[in-house]
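Reading the structure
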Amino acid sequence: MTTWDVGIVGLGAMGSMAALELSRRGHRVIGFDRHHPPHQLGSSHGKSRIIREAYFEHPQYVPLVQRAYDRWAELERDAGRPLLVPSGGLMIGRPDETLIAGARRSAVEHGLEYEELSAAETRRRFPMFELAESEVGLFERRAGVLLPESAIEAALGGAGRAGAELHFDEPVLSWEAGASITLTTRGGRYSVDRLILSAGAWMAGVLPRRALPLAVARQTLFWFTPRGDAAAFAPGRMPIFIWEWAPERFFYGFPDLGDGVKIAIHREGEAVDPDAVNRTAGPGEGYGLREIMAARTPALNGALRESAVCLYTNTPDGDFLIDRSPIDRRVIIASPCSGHGFKFAPVVGEVLADLVEEKVPRFDLSPFRLDRPGISS
């Protein structure tokens, strides 16, 4: 049986980037996905993803996203097509609550350029947003829109050209550790020296061979035709935005890339099994979002054009899982996710390649360990 240097299970955002990085470093890579990425059945689709630097979740993510910007630019050059659309980014909320306070903290701690705007200033500059007088806007120029399907295509294409063997529509059923690691799929058995498990929502099942603190949630996405001059809602005129409309409750949106403005509620999705998901957003599922938008973004609250369903794979604390398996240290578990992972994909691919090569990554991974306080069982 041929033995590959590295096997990768799951070729979405993180797996595709790991396959690209490792194959370019000269490793013999074999990758598997239960579907054919880019596809609409997991987390890495929906035409657009946010990238932002003043990271409200925690300042620890800022160095990672700064490196990610560099890697996105490299991938764009290699692919010969745009993958990141600059738009600027606007965080909206009360100045002392989670979103604004967290974004400000990251910006100050890392010396990032940002502007904090009053409600009146924000409305004047971005008239599609109707802030209450108690709210402010925090604007960062560097934020923008990533194109997820194109990015995964570019990464997998580059990995294939660099020699990676990619198996689509071939789910991995199990793995066993011995002198090498044996993967069993619907198509056969394969031997690898190292293994990366990056299967997104399916990491919440039996694949890691130990229970991980992951919960899969069904999230609905909607595209609307904005009201007024279409040019007013294009990138450069309308930024990506996240709005904390009530304490710890967020909705977010994108400028019009040609399909209307995309708007969704962050988290709050129902728990699901990734193999038994209703993948159609019903006609009534957008009503709650419509109510939120009516008072805050009425210009965006036009005719519904399209809807979609994606999956969040959430940890209890919202932080990533990137660590070696307690079963076998040759196996690396990579579940960034929790609804904010895509922007980090190329730097996570780099980190995973370093772990495969037994190098010390340039970033502190201790916040993402499996045994960190608050999530380990």
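A brief structural summary.

Conventions we followed
Residues numbered from 1 in each chain as written. Predicted model: local features only at pLDDT ≥ 70, side-chain atom pairs only at ≥ 80, totals over all residues. Heavy atoms only, no water. Helix = DSSP H or I, 4+ residues; strand = E, 2+ residues; numbered from the N terminus. Buried < 20%, exposed > 50% of the residue type's maximum accessible area, 1.4 Å probe, protein only. Contact = heavy atoms within 4.5 Å. Areas by Shrake-Rupley, 256 points an atom, 1.4 Å probe, with all protein chains shown as cover. Lys, Arg positive; Asp, Glu negative; His and termini not counted. Charge placed at Lys NZ, Arg CZ, Asp CG, Glu CD. 1 Å grid on protein atoms, 1.4 Å probe; cavity = no way out; pocket = protein on both sides within 12 Å on 5 of 7 lines; lining within 4 Å. Points joined across faces, edges and corners; volume = space filled by probe spheres on them. Nonpolar A, V, L, I, M, F, W, Y, C, P; charged D, E, K, R; others polar. Core = buried A, V, L, I, M, F, W, Y, C linked by side-chain atoms within 4.5 Å. Pairing = 2+ DSSP bridges. Arc of directions from axis to C-beta.

1. A short note on the overall build of the chain
For the chain, the helix and strand inventory stands at 7 helices and 20 strands. In terms of overall dimensions, the chain has a C-alpha envelope of 65 × 45 × 45 Å along the principal axes. When the 377 residues of the chain are sorted by exposure, 58% land in the buried category. Taking all contacts inside the chain whose residues are at least 6 apart in sequence as the whole, residues at least 24 apart take part in 73%. Total accessible area computed for the chain in this model is approximately 14700 Å², and 49% of it derives from carbon and sulfur atoms. Side chains of the chain carry 43 positive and 49 negative charges; the gap between the two charge centres is 2 Å.

2. Side note on the layout of surface pockets
Considered as a void within the structure, the largest pocket measures approximately 290 Å³ in volume. Surrounding the largest pocket, 14 residues form its lining, Phe 56, Glu 248, Phe 250, His 266 and Arg 267 being those nearest its centre. In terms of residue class, the lining of the largest pocket is built from 2 nonpolar, 5 polar and 7 charged.

3. Describing the nonpolar core
In terms of nonpolar packing, the biggest core is built from 75 residues, with Ile 8, Trp 72, Ile 196, Ile 322, Phe 344 and Leu 352 touching the most fellow members. Sort the elements by how many residues they give to this core and helix H7 (residues 345–356) lands first, with 8 residues. Not counting chain neighbours up to four residues away, the residues in contact with Ile 196 comprise Val 6, Gly 7, Ile 8, Val 9, Ala 18, Leu 22, Ile 332, Leu 352 and Val 356. Of all hydrophobic cores here, the second largest spans 53 residues; its members include Trp 4, Val 172, Leu 214 and Ile 375.

4. Some thoughts on the environment of Gly 260
Relative to the helices and strands, Gly 260 resides in the loop between strand S15 (249–253) and strand S16 (261–266). Look at Gly 260 and you get buried, because its relative accessible area is 4%. Sequence separation between Gly 260 and Arg 305 is 45 residues, and the spatial gap between their C-alpha atoms is 7.2 Å. Ignoring anything within four residues of it in the chain, the contact list for Gly 260 reads Trp 223, Phe 224, Pro 226, Pro 255 and Arg 305.

5. Considerations on the pairing of strand S11 (residues 181–185)
Regular strands place side chains that alternate from one sheet face to the opposite one. Of all 5 residues in S11, 4 are buried, a share of seventy percent or more. The sheet contact formed by strand S10 (residues 172–177) and S11 spans 5 bridges and is antiparallel. Following the sheet pairing, Ser 174 is matched in S11 by Thr 184. Between the antiparallel neighbours S10 and S11 lie 3 residues. Where S11 lies against strand S12 (residues 189–197), 4 bridges are found, and the strand directions are antiparallel. Within the sheet, the bridge partner assigned to Leu 183 lies in S12 and is Tyr 190.

6. Quick notes on the pairing of strand S7 (residues 136–140)
Of all 5 residues that make up S7, 5 are buried, and the element is covered over most of its length. Side chains of S7 alternate between two faces, with Val 136, Leu 138 and Glu 140 and Gly 137 and Phe 139 buried alike. Pairing of strand S5 (residues 89–93) with S7, which is carried by 5 bridges, proceeds in the antiparallel orientation. Bridging across to S7, Leu 90 finds its partner in Phe 139.

7. Some words on empty space enclosed by the protein
Remark: the empty space left among the atoms is shown by a probe the size of a water molecule rolled over them. Overall, the coordinates contain 3 cavities of 30 Å³ or more when judged by the stated rule. By volume, the second largest cavity amounts to about 90 Å³. Around the second largest cavity, the lining residues are Met 17, Leu 20, Glu 21, Arg 24, Arg 71, Glu 74, Leu 75, Asp 78, Pro 346 and Glu 350. Counting only elements with at least two residues in the lining of the second largest cavity, the list comes to helix H1 (13–24), helix H2 (62–79) and H7. Classifying every residue of the lining of the second largest cavity gives 4 nonpolar, no polar and 6 charged.

8. What about helix H6 (residues 287–296)?
Within the span of H6, buried status applies to Leu 289, Ile 292, Met 293 and Arg 296. Buried residues along H6 cover an arc of 95° about the axis, so they all sit on one side. Projecting away from the buried face of H6 at angles above 90 degrees are the exposed residues Tyr 287, Glu 291 and Ala 295. The inward-facing, buried residues of H6 abut strand S13 (215–224), strand S14 (240–246), S15 and S16.

9. Quick notes on unusual backbone geometry
For the bond running from Pro 37 to Pro 38, omega is -5°, close enough to zero to count as cis. Within the secondary structure layout, Pro 38 lies in the loop between strand S2 (29–32) and strand S3 (49–51). Positioned with a positive phi, Arg 209 is a non-glycine residue whose angle comes to about 65°. According to the relative accessible area criterion, Arg 209 is partly exposed, its value standing at 38%. Of note in the backbone geometry, Arg 267 takes a positive phi value of approximately 60° without being a glycine. Tracing the sequence through the fold places Arg 267 in the loop between S16 and strand S17 (270–271). Residue classification places Arg 267 among the partly exposed positions, given a relative accessible area of 32%.

From the geometry alone we can't say anything about function, so treat these as descriptive.
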